[in-house]
Amino acid sequence: MRWKTSLFALTAVAIAAIASGGQAQAGDAKCGLSNGKAAAGEPIIIGGIVSVTGPDNFSSSGLAAAAYFKCLNANGGINGRPVKYLMQDDAWNPEQSSQLAAKLIRDQGAVALVGNMSFVDCGANQGIYEKEDIMVIAGVGVPRDCFFQKNYAPTNAGPRVSNTKAIMDLAATHPGKIKRIVCIAPNIPNVGEWSCTGAVSWIKKQGGDGKIITFDPGSLDATSLVLEAMAFKPDAVSVATPKGMAVPIFAAAEEQGLADKLHWTGPASLYNLDFPRAIGKYWDGKVTVDMELKAADANTPDMNNWLAVMDQYGQKSDPRDTFSQAGYLAARVTAETLLKMDPGKIDRKSVTAALRSVKRFESDILCAPWYVGDGPRHNANHTGPVAQVKDGKLLPKGQCIDAQDPELDDVRAYEKTIGISN
């Protein structure tokens, strides 16, 4: 892998601001049966594949799933049966990821995989997931492969949807003034250009124009990227990168005095509560950031429960970020599905069927109902809010935006068949 650790600081970086700021309300975390009785029956094996070692620790979603399952097991498990959650590190290596998937499914007998968060898992393991007919309720999908599989359902929206919503918000906030956009992204296979195409397609449909600039994340030249972007004479720039790559790009734009000359935005990979401090006061009120899920400090029941779960059953070092939210949701929807089943008849076949029957999971963390269904691919989360950098914080603007990306046409058509309209 050529990607450098110092640049690849995704939102899986720990956000201590929430963890230490006491945003979770007083009271115990509530999971499953919430009966306070430890499960002691025959374990139910659930796996998870994340990337810990390598270019970056990309495990936030899996850590949240692990915390939720610990909470579940302390509260009756699945009608008395505990979940044995086996989170594995694929080290950003496709071959290792494939070996782990085979081990979890064929050797360990996992009935499902939950909370996955990896750049290589989707591409490396599609074959075994479909052959063994096992469902993956992933926390975080990033490459295109993650959203084009029958057996892989991420709870997050993905970078393409996120970029599209970010540009849509700018256009709505500044009517008639966003006609030319630039989207900057790392040239990671099935991520970079794909993640920008939705936003560019949308602006062209509005009569505007767009340009995609990709770069090698192992040799980021922020100044050159900014100058190339400005040569297009854009009205807006989406910095569609992880936070670690975005910070030097914003610094280069600041050196050019560009904050007031055009509009700046970015996808949910920048929804990191440390992001405003990292880019500095110069950008106060001048950057919007997409959110795949609602604000981490929203003080709503589910949001507070997620934080309580992390505080009571996770580690202080575990991130409290949008990817952690996604892992919590993945574990919770899985647990709630299994709780409706006969605990004595839980196996891979029955779990796969039960998860595919999920057609309306609702949470105050989500803007719209989430589902699995039996469609050929999954991108159920395509509606979310945006936030603005203001006073050193990321302040939600409130409104939920549904991404108008033509690539979602088949998803919307499927949603109509199951009675969901976002």
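What counts, and where the lines are drawn
- Residues numbered from 1 in each chain as written.
- Predicted model: local features only at pLDDT ≥ 70, side-chain atom pairs only at ≥ 80, totals over all residues.
- Heavy atoms only, no water.
- Helix = DSSP H or I, 4+ residues; strand = E, 2+ residues; numbered from the N terminus.
- Rg over C-alpha atoms; globule rule 2.2 N^0.38 Å.
- Contact = heavy atoms within 4.5 Å.
- Areas by Shrake-Rupley, 256 points an atom, 1.4 Å probe, with all protein chains shown as cover.
- Lys, Arg positive; Asp, Glu negative; His and termini not counted.
- Charge placed at Lys NZ, Arg CZ, Asp CG, Glu CD.
- Pairing = 2+ DSSP bridges.
- Axes fitted to C-alpha atoms, helices over the stretch in contact; angles between N-to-C directions.

Student: Quick question: what am I supposed to make of the overall build of the protein chain here?
Tutor: Broken down by element type, the protein chain carries 13 helices and 14 strands. For the protein chain, whose C-alpha radius of gyration is 21 Å, the value lies close to the compact-globule estimate of 22 Å for 422 residues. Principal-axis analysis of the C-alpha atoms gives the protein chain an extent of 65 × 45 × 40 Å. Across the protein chain, every contact between residues at least 6 apart in sequence was considered, and the portion connecting residues at least 24 apart equals 74%. Only carbon and sulfur atoms are counted for the fraction: they give 48% of the accessible area of the protein chain, which is about 15800 Å². Separation of charge centres in the protein chain, based on 43 positive and 44 negative side chains, amounts to 2 Å.

Student: It is not clear to me how the sheet that holds strand β9 (residues 263-266) should be interpreted in this structure. Could you clarify?
Tutor: Whether parallel or antiparallel, the strands of a sheet pair through hydrogen bonds between backbone atoms. Across the sheet, which stays open at both edges, the 7 strands sit in the order β7-β6-β8-β9-β10-β12-β13 with mixed pairing between neighbours. Bordering the open sheet on either side are β7 (209-215) and β13 (393-396), each of which pairs with just one other strand. Looking at each pair of strands side by side, their axes are set apart by 25° on average, direction ignored. Sheet analysis places strand β6 (residues 180-186) next to β7, joined by 7 bridges and oriented parallel. Residue pairing in the sheet places Ala185 in a bridge with Thr214 of β7. On the sheet, helix α8 (residues 243-255) packs against β6, β7, β8 (236-239), β9 and β10 (287-290) and is oriented at approximately 150° with respect to β8.

Nothing here speaks to function; it is geometry throughout.
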